[in-house]
Amino acid sequence: MLAGCEDDSIAYDDNSGASLPVVFVHGFPHDRTLWAPQTAALAGQARCLALDLPGFGESTLGGGRDGATSVDHYADAVVCVLDAAMVERAVVVGLSMGGYIAFALWRRHRDRVRALVLVSTRATPDSDEVRAKRAALIDTAHRDGSGAVADTQIVGALSRRTRENKPDLVRTVHAMQAGASVPGIVGALGAMIARPDSTPDLATITVPTLVMAGRDDVLIRPNEARAMQQAVPGSRIEILGEAGHLCNVESPTAFNDALGDFLTSIAAA
Ligand code: MLT
């Protein structure tokens, strides 16, 4: 399906299944197919909406923006999809950059957020060192294209165990990353560089919140996830074994069990 959102066109899937709406927000540099193991498994339990962020997958990043975007712009695109699907409030599941967008949603549109699932993400902004690495990756994207970006990103995206034992998954994720458009990549890197510190927002979160992390994530360590979770009142945490940054595809059964239990608790509340 396509939603017209200002000068972007946003592609999304909507299984129109059960009554509890859940919107899935992918990370960098991925697309909505990242959530295939969740939208298939949870279809009986939730109305799963999965979108491509502007500039990724089948979504466009409006020409008027000249490639520039922000976590606020992405958050507005999520709300545009909720509007198109006539969903008032949804459980927001955001992975990594998707989590940065979930924080922007909480700041800008909290009346649309029924609960939060913060996966492999952090509230803190980039350090100067990370900003410099992102600037170098922007150069790589312009010079060598998306395939070269995928070559650098795949290492942090999946744990060593996954990279050694699941070649099909490695190929699938690498192809997803290599399929991202250069303007999408450059836009997202700029958005992440400029994103604000979400740490002060953590104590303001009043909706049920689940934090999830992969035990072997080398990009965002489980102890960082734990510290973030402790700052969100009443939240819970699941650390998944045998999984790295993309824990939803590396350990899908454990991920879906934890998310399914959380959704059951939301539906019962
Ligand atoms: C992601 O998975 O979205 C990225 O690793 C986030 C980041 O680079 O900070």
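As a reminder, the structure under discussion sits directly above these lines.
Residues numbered from 1 in each chain as written. Predicted model: local features only at pLDDT ≥ 70, side-chain atom pairs only at ≥ 80, totals over all residues. Heavy atoms only, no water.

Colleague: Is there a simple way to think about empty space enclosed by the protein in this case?
Modeller: If a probe the size of a water molecule is rolled over the atoms, the empty space left behind becomes visible. The full count for this structure, using the stated rule, is one cavity of 30 Å³ or more. Roughly 40 Å³ of volume is contained in the largest cavity. The wall of the largest cavity is formed by V71, Y100, R107, R122, A123, R195, P196 and S198. Here the lining of the largest cavity is composed, by residue class, of four nonpolar, one polar and three charged. (1 Å grid on protein atoms, 1.4 Å probe; cavity = no way out; pocket = protein on both sides within 12 Å on 5 of 7 lines; lining within 4 Å. Points joined across faces, edges and corners; volume = space filled by probe spheres on them. Nonpolar A, V, L, I, M, F, W, Y, C, P; charged D, E, K, R; others polar.)

Colleague: Would you mind going over the side chain of D14 with me for this structure?
Modeller: Structurally, D14 is set in strand β2 (residues 8-14). Of note is the side chain of D14, whose polar atom sits 2.6 Å from the side chain of R47. (Helix = DSSP H or I, 4+ residues; strand = E, 2+ residues; numbered from the N terminus. Polar contact = N/O pair within 3.5 Å; in protein donor to acceptor, adjacent residues only side chain to side chain.)

Colleague: So what exactly am I meant to see when it comes to the site of the ligand here?
Modeller: Contacts to the ligand come from G27, F28, S96, M97, Y100, R134, M192, L219 and H245. A distance of 2.6 Å separates an oxygen atom of the ligand from a polar side-chain atom of Y100. Measuring from an oxygen atom of the ligand, one finds a side-chain N or O atom of R134 at 2.8 Å. Put simply, the ligand lies in the largest pocket. When grouped by side-chain class, the residues that make up the shell around the ligand number five nonpolar, three polar and one charged. (Near = heavy atom within 4 Å. Sits in = over half its atoms within 2 Å of the grid points.)

Colleague: Please clarify how unusual backbone geometry should be interpreted in this entry.
Modeller: Across residues other than glycine, the phi torsion is negative in most instances, and most of the peptide bonds are trans. Note that the residue after F28, namely P29, is joined by a cis bond; omega there is -10 degrees. One can find P29 in the loop between β3 (21-25) and α1 (36-41). Despite not being glycine, M86 has its phi angle at roughly 55 degrees, a positive value. Residue placement: M86 occurs in the loop between α2 (71-84) and β5 (90-95). Judged by its relative accessible area of 75%, M86 falls in the exposed class. (Buried < 20%, exposed > 50% of the residue type's maximum accessible area, 1.4 Å probe, protein only.)

Colleague: Would you explain the sheet that holds strand β6 (residues 113-119) in this entry?
Modeller: Adjacent strands of a sheet form backbone hydrogen bonds with each other and so pair up, either parallel or antiparallel. What the eight strands build is an open sheet, ordered β1-β2-β4-β3-β5-β6-β7-β8; its pairing is mixed. Each of the sheet's edge strands pairs with one partner strand only, and the pair in question is β1 (2-5) and β8 (236-240). Strand-to-strand twist across the sheet, computed as the mean angle between neighbouring axes with direction ignored, equals 25 degrees. Pairing of β3 with strand β4 (residues 47-51) involves five bridges; the strand directions are parallel. Note that in β4 the partner of F24 across the bridge is A50. Against the sheet, α2 touches β1, β2, β3, β4 and β5, its axis set at about 125 degrees to β1. Set on the sheet, helix α3 (residues 97-109) makes contact with β3, β5 and β6; between it and β5 the angle comes to about 140 degrees. (Pairing = 2+ DSSP bridges. Axes fitted to C-alpha atoms, helices over the stretch in contact; angles between N-to-C directions. Contact = heavy atoms within 4.5 Å.)

Colleague: Looking at this structure, I do not really get the packing of helix α4 (residues 128-144) against helix α8 (residues 182-194). What am I missing?
Modeller: Between two packed helices, what matters for the description is the angle formed by their axes and the separation of those axes. The interhelical angle for the contact between α4 and α8, taken along N-to-C directions, is 170 degrees, at an axis separation of 10 Å. Regarding the angle of α4 to α8, the classification is roughly antiparallel. Contacts between α4 and α8 involve R131, R134, A135, L137, I138, A141 and H142 from the former and V182, I185, V186, L189, G190, M192 and I193 from the latter. Each residue belonging to the contact of α4 with α8 can be placed in one class, and the counts come to ten nonpolar, two polar and two charged. (Parallel < 35°, antiparallel > 145°, perpendicular 65-115°, else oblique.)

Colleague: Would you mind showing me how to read the nonpolar core here?
Modeller: As a rule of thumb, nonpolar side chains are buried together in soluble globular proteins. Counting 56 residues, the largest nonpolar core has F28, L51, M97 and I101 as its most contacted members. If you tally residues by element for this core, the top one is α2, at nine residues. Of all hydrophobic cores here, the second largest spans 35 residues; its members include V119, I154, L210 and F262. (Core = buried A, V, L, I, M, F, W, Y, C linked by side-chain atoms within 4.5 Å.)

So far we have only geometry, and geometry alone does not tell us how the molecule works.
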